[in-house]
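Spelled out, the chains give:
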Amino acid sequence: MKRYLLMLWAIVSYTFGYSQSNSAEKIYTIDADKIKAHIQPTMYGIFFEDINMAGDGGVYAELVKNRSFEFSAPLMGWKEIKEQGADGSILVLNRGQENPYNPRFIEVNSKSAAGYGLINEGFHGMGIKKNNRYHFSILAKQPETAELSLQIELVNKSGQVIGKTTVLPSSKAWKKYSASFIATETEAEATLKVLVKGKGSVDLDMISLFPQDTWKQRPGGLRADLVQKLADMKPGFLRFPGGCIVEGRELDTRYQWKRTIGDVANRRMIVNRWNTEFAHRPSPDYFQSFGLGFFEYFQLAEDIGASPLPIINCGMACQFNSCELVPVNQLGPYVQDALDLIEFANGSVNTTWGKKRAQLGHPKPFNLKMMGVGNEQWGPQYIERYKLFEKAIHAKYPQIKLVSSLGPNPDGEVFDYLDKTFRELTADILDEHYYRAPEWFLQNAKRYDNYDRKGPKIFAGEYAAQSVAIASPDNKNNWQCAMSEAAFMTGLERNADVVTMASYAPLFAHVQGWQWTPDLIWFDNLQSFGTPNYYVQQLYSLNKGTDVVPLTLNNEAVTGQDGCFASATLDNNNTHELIIKIVNTGKVEKTADFSVKGTTMSSEGTLTVLQSDDLNSVNSINEPLAICPKKNTLVIKDNRIKLTMKPYSFNIIRVSIAK
Ligand code: AHR
């Protein structure tokens, strides 16, 4: 009889599609009156690096590639074009002594009345939107007077003109000319023609096209949809400009912040280190215009309410590449750059660098509180150099917190040496990186439980679950990775007294122009989407609260028992809520009963769920919201929260509590 009933139940379940349920309800205890740690406002932030066309071709909204002819191949991105009956020639000239930062320009000799000139291919084309205004600008000079005009045409993939304007260069000296027009069509892969009409010769440089619709409508600014995605994360900090890009493959191509401020025409373009890094993803046309430079980074951080965290080169080129070192007795200019950067960010307008900041339009300080010395460095050579920076910076600016690197891995000899040494040096903040398998993230939810509470703070500066292998081109931003990051992050949150900052890396990737995957936000020339990992980061940031309280199962933190990972916080500043995060990494539905002590809850809360039944599922340009947060109300009875967790789900509960 018993066997018969069981069989019947199995048939009924199958027929009606009842989901499998783990009947054993777990009772979790939350002690809302026992604050374990305060959560820093900086806790969840952003790591920015110009990798995967994140900067040029990405968030920096310039549409023209190689606008100043400074790529190694001066005409890369450009092609000669002739209207019917036209003829002419293009010469690349170098006025090195006159302008060492932007030496090259072109001389266009037109030998007929018909249009002769060049066409620019953009960054995998140019993303153009119908009815939007575009601003064209160019530096030109006409050594000999001639009746010339420049006809500017945006063309779509079929070669039809979708926007045009005319510029009349007349000056014998270099002069900037500007014109704008409205696009008549949307096109993801437009190109830009610059045609000289009339016989004669003209010199051209800094050929540029920007949408008017940039972030905050700033001329020459940033792509609005991409910055909006960052703003929507309400990030606690913005780390910039990287990443390995800080170091350079060799010292010559390291990041030098002073070369990235002021007139864009004088910001010396250099190769992007990701240009040649991966043979499997060659990017020969990847350079750094520095149109997005240090002033813009500080401004961006301010715009999105993030604390700025610049990382400076410490006299070491990338240790995965050339390993070039500046001799210790020649580090002076590097240390000075760091000191000047602090003055640039915080100094009064009467200081040399504070004055420069004011001249760039920002008299108010940027309120810099921390700075990274070196990116992913290691070995005694790093320590030796770090000490010199630390001494000089803290002698002048004792309040600035310094971030020091613990190398590229979260364990092993290199890590242990750095960790031990920096702790002995009583360093401020240690930067740990983990690009690891999803399983590693689940196994490491307790990583910080036993860290020294009195030692340096931890910055989980770069992390991302790798679905195949570290930086494999087959890695996917799938739900398994995102879910394991969500589970791991309960451990960051539970240990918020030690871990004060965390950021996923890398941030952006162009769907055609990437070198490294996975990445948080993907985009093409017109659209962008957040990965499931993006929503995990966003949900943590928007629901971080102010204080951590214990959430336990049988008196233990929830770090994988029954496949669940959890943390609880209070928002004691604004909303007076209890916030519970619980990740069910199992493939079956589970029920949880939260017994909340030390406070009284209101009878209704909200439940936000990020979930997919398929661990391999991803978001994409066509399905940007395949996995995204879904919010519902949650009824609460008798000061207990009963939750049914879907399989493979990240659940966030918010409920008001008594003040
Ligand atoms: O995030 C990509 C790279 O990974 C960073 O540039 C570097 O710091 C790390 O090795």
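Residues numbered from 1 in each chain as written. Predicted model: local features only at pLDDT ≥ 70, side-chain atom pairs only at ≥ 80, totals over all residues. Heavy atoms only, no water.

*Asks:* What's the story with the pattern of salt bridges in this structure? I'm lost.
*Replies:* A side chain of one charge can pair with a side chain of the opposite charge if their charged atoms are brought near each other. Applying the stated criterion across every chain, the model contains 31 salt bridges. The closest approach of N and O atoms between Arg67 and Glu62, which form a salt bridge, is 2.9 Å. Overall, the relative accessible area of 4% leaves Glu62 in the buried class. Here Arg654 ties to Asp571 by a salt bridge, and the two come within 3.9 Å at their closest N and O atoms. In this pair, Arg654 sits in strand S36 (residues 649–657) while Asp571 sits in strand S30 (residues 564–571), placing the two residues 83 residues apart along the sequence. Taken as a pair, Arg654 and Asp571 share a single burial class, namely buried. Within this structure, Glu25, Asp593, Arg640 and Lys642 form a network of salt bridges that share partners. (Salt bridge = Lys/Arg side-chain N within 4 Å of Asp/Glu carboxyl O. Buried < 20%, exposed > 50% of the residue type's maximum accessible area, 1.4 Å probe, protein only. Helix = DSSP H or I, 4+ residues; strand = E, 2+ residues; numbered from the N terminus.)

*Asks:* Sorry if this is basic, but what is going on with the layout of surface pockets here?
*Replies:* The rolling of a water-molecule-sized probe over the atoms marks out the regions of remaining empty space. The space that makes up the largest pocket amounts to roughly 770 Å³. Around the largest pocket sit 35 residues that line it, and Lys176, Phe210, Pro219, Gly220 and Val264 are the ones nearest its centre. Among the elements of the structure, strand S9 (133–141), strand S12 (175–182), strand S14 (200–211) and helix H3 (294–303) are those that each provide at least two residues to the lining of the largest pocket. Here the lining of the largest pocket spans two domains, and each of domain 2 (46–60 + 220–243 + 289–504 + 526–543) and domain 3 (78–211) adds at least three residues to it. Space inside the second largest pocket adds up to approximately 420 Å³. In terms of lining residues, the second largest pocket is bounded by 22 residues, among which Thr42, Ser307, Lys369, Met370 and Lys401 are the most central. The set of elements that each furnish at least two residues to the lining of the second largest pocket consists of H3, strand S18 (307–312) and strand S23 (499–504). In terms of residue count, H3 provides more of the lining of the second largest pocket than any other element does, three residues in total. Across the lining of the second largest pocket, the residue classes break down as nine nonpolar, eight polar and five charged. (1 Å grid on protein atoms, 1.4 Å probe; cavity = no way out; pocket = protein on both sides within 12 Å on 5 of 7 lines; lining within 4 Å. Points joined across faces, edges and corners; volume = space filled by probe spheres on them. Domains from an automatic or database assignment. Nonpolar A, V, L, I, M, F, W, Y, C, P; charged D, E, K, R; others polar.)

*Asks:* Sorry if this is basic, but what is going on with the sheet that holds strand S33 (residues 601–611) here?
*Replies:* Overall, antiparallel pairing links the seven strands, which are arranged S2-S27-S30-S31-S36-S33-S34 in an open sheet. Strands at the two margins of the open sheet, each flanked by one partner only, are strand S2 (37–38) and strand S34 (630–635). Sheet analysis places strand S27 (residues 547–549) next to S30, joined by three bridges and oriented antiparallel. When the bridges of S30 are listed, Val548 appears paired with Thr569. Running over the sheet, helix H9 (residues 479–494) touches S27, S30, strand S31 (577–584), S33 and S36 and is turned about 50 degrees from S30. (Pairing = 2+ DSSP bridges. Contact = heavy atoms within 4.5 Å. Axes fitted to C-alpha atoms, helices over the stretch in contact; angles between N-to-C directions.)

*Asks:* Please clarify how helix H4 (residues 332–346) should be interpreted in this entry.
*Replies:* Residues three or four positions apart in an α-helix share a direction because the helix packs 3.6 residues into each turn. Across its 15 residues, H4 extends 21 Å between first and last C-alpha, which sits within 8% of the 21 Å expected from 1.5 Å per residue. Regarding H4, the residues found buried are Tyr334, Val335, Ala338, Leu339, Asp340, Leu341, Ile342, Glu343, Phe344 and Ala345. Those residues of H4 that are buried are in contact with H3, S18, helix H5 (352–359), strand S19 (370–373) and helix H6 (380–396). (Expected span 1.5 Å × (residues − 1).)

*Asks:* I tried to follow the environment of Ile470 on my own but got confused; where do I start?
*Replies:* Relative to the helices and strands, Ile470 resides in the loop between strand S22 (457–465) and H9. For the pair Ile470 and Pro518, spaced 48 residues apart in sequence, the C-alpha to C-alpha distance is 9.3 Å. Sequence-distant contacts of Ile470, that is, excluding residues within four places in its chain, are made with Tyr435 and Asn475.

*Asks:* Can you help me understand the side chain of His362 in this one?
*Replies:* By the element assignment, His362 lies in the loop between H5 and S19. Among the polar contacts made by the side chain of His362, one reaches the side chain of Glu302 at a distance of 2.9 Å. Polar side-chain contacts of His362 include one of 2.4 Å to the backbone oxygen of Lys364. Aside from chain neighbours lying at most four places away, what touches His362 is Phe295, Glu302 and Arg357. (Polar contact = N/O pair within 3.5 Å; in protein donor to acceptor, adjacent residues only side chain to side chain.)

*Asks:* Please clarify how empty space enclosed by the protein should be interpreted in this entry.
*Replies:* Overall, the coordinates contain four cavities of 30 Å³ or more when judged by the stated rule. Of the pockets and cavities examined, the largest cavity occupies roughly 110 Å³. What lines the largest cavity is Arg254, Tyr255, Gln256, Trp257, Phe294, Ile311, Ile312, Asn313, Tyr334, Asp337 and Ala338. At the level of secondary structure, the elements contributing two or more residues to the lining of the largest cavity comprise S18 and H4. Examining the composition of the lining of the largest cavity, we find that three residues originate from one element, H4, more than from any other. Each residue belonging to the lining of the largest cavity can be placed in one class, and the counts come to seven nonpolar, two polar and two charged. Estimated volume of the second largest cavity: approximately 80 Å³. Along its surface, the second largest cavity is lined by Phe48, Asp50, Gly55, Asp56, Pro241, Tyr255, Gln288, Ser289, Phe290, Gly291, Leu292 and Tyr297. For the lining of the second largest cavity, the residue count by class is six nonpolar, four polar and two charged.

*Asks:* Explanation requested: the packing of H4 against H5 in the structure shown.
*Replies:* Helix-helix packing is described using two parameters, namely the angle between the two axes and the distance between the axes. Relative orientation of the contacting elements H4 and H5 amounts to 45 degrees, with a least axis distance of 7 Å. Classed by the angle they form, the pair H4 and H5 counts as oblique. Considering the relative orientation of H4 and H5, their crossing is right-handed. Within the contact between the two elements, H4 uses Asp340, Glu343, Phe344, Ala345 and Asn346 and H5 uses Thr352, Trp353, Gly354, Lys356 and Arg357. When the residues that make up the contact of H4 with H5 are grouped by side-chain class, the tally is three nonpolar, three polar and four charged. (Parallel < 35°, antiparallel > 145°, perpendicular 65-115°, else oblique. Left-handed = near helix turned anticlockwise from the far one by under 90°.)

*Asks:* When you look at the sheet that holds strand S20 (residues 401–405) in this model, what are you seeing that I'm missing?
*Replies:* Picture the strands of a sheet paired through backbone hydrogen bonds; they go either parallel or antiparallel. Taking strand neighbours across the sheet as the criterion, the eight strands line up as S3-S15-S18-S19-S20-S21-S22-S23 in an open arrangement whose pairing is parallel. The two strands at the open ends of the sheet, each matched to only one other strand, are strand S3 (46–47) and S23. In this sheet, S22 lies alongside strand S21 (residues 429–436) in parallel orientation, the contact comprising eight bridges. Counted as the bridge partner of Tyr434 is Tyr463 from S22. Contacting S20, S21 and S22, helix H7 (residues 413–424) runs over the sheet at an angle of about 165 degrees to S21.

*Asks:* Would you take a moment to explain unusual backbone geometry for this structure?
*Replies:* Most peptide bonds take the trans form, and the phi angle of most residues other than glycine is negative. Residues Phe240 and Pro241 are joined by a peptide bond in cis, for which omega reads -5 degrees. Between Gly242 and Gly243 the backbone carries a cis peptide bond, its omega angle lying at 15 degrees. Residue position: Gly243 is located in the loop between strand S15 (237–240) and strand S16 (270–271). We note that Lys216 has phi near 60 degrees; this positive angle belongs to a residue other than glycine.

*Asks:* How do you make sense of the domain arrangement of the chain when you look at a structure like this?
*Replies:* It is common to report an interface's size as the accessible area lost on association of the parts. When its domains are assigned, the chain resolves into domain 1 (25–38 + 548–657), domain 2 (46–60 + 220–243 + 289–504 + 526–543) and domain 3 (78–211). Here the C-alpha centre of domain 2 lies 29 Å away from the C-alpha centre of domain 1. Facing the 37 residues of domain 1 at the interface are 27 residues of domain 2. Roughly 2700 Å² of surface becomes buried between domain 1 and domain 2 when both sides are summed, with 72% attributable to carbon and sulfur atoms. For domain 1, the biggest contributors to the area lost against domain 2 are Phe565, Leu615 and Ile621; these three give 19% of the whole. Taken together, the links from domain 1 to domain 2 amount to one salt bridge. Those elements that provide at least two residues to the side of domain 1 that touches domain 2 are S2, S30, S31, S33 and S36. Looking at the side of domain 1 that touches domain 2 residue by residue, the class counts come to 19 nonpolar, 14 polar and four charged. (Buried area = accessible area lost by both parts, 1.4 Å probe.)

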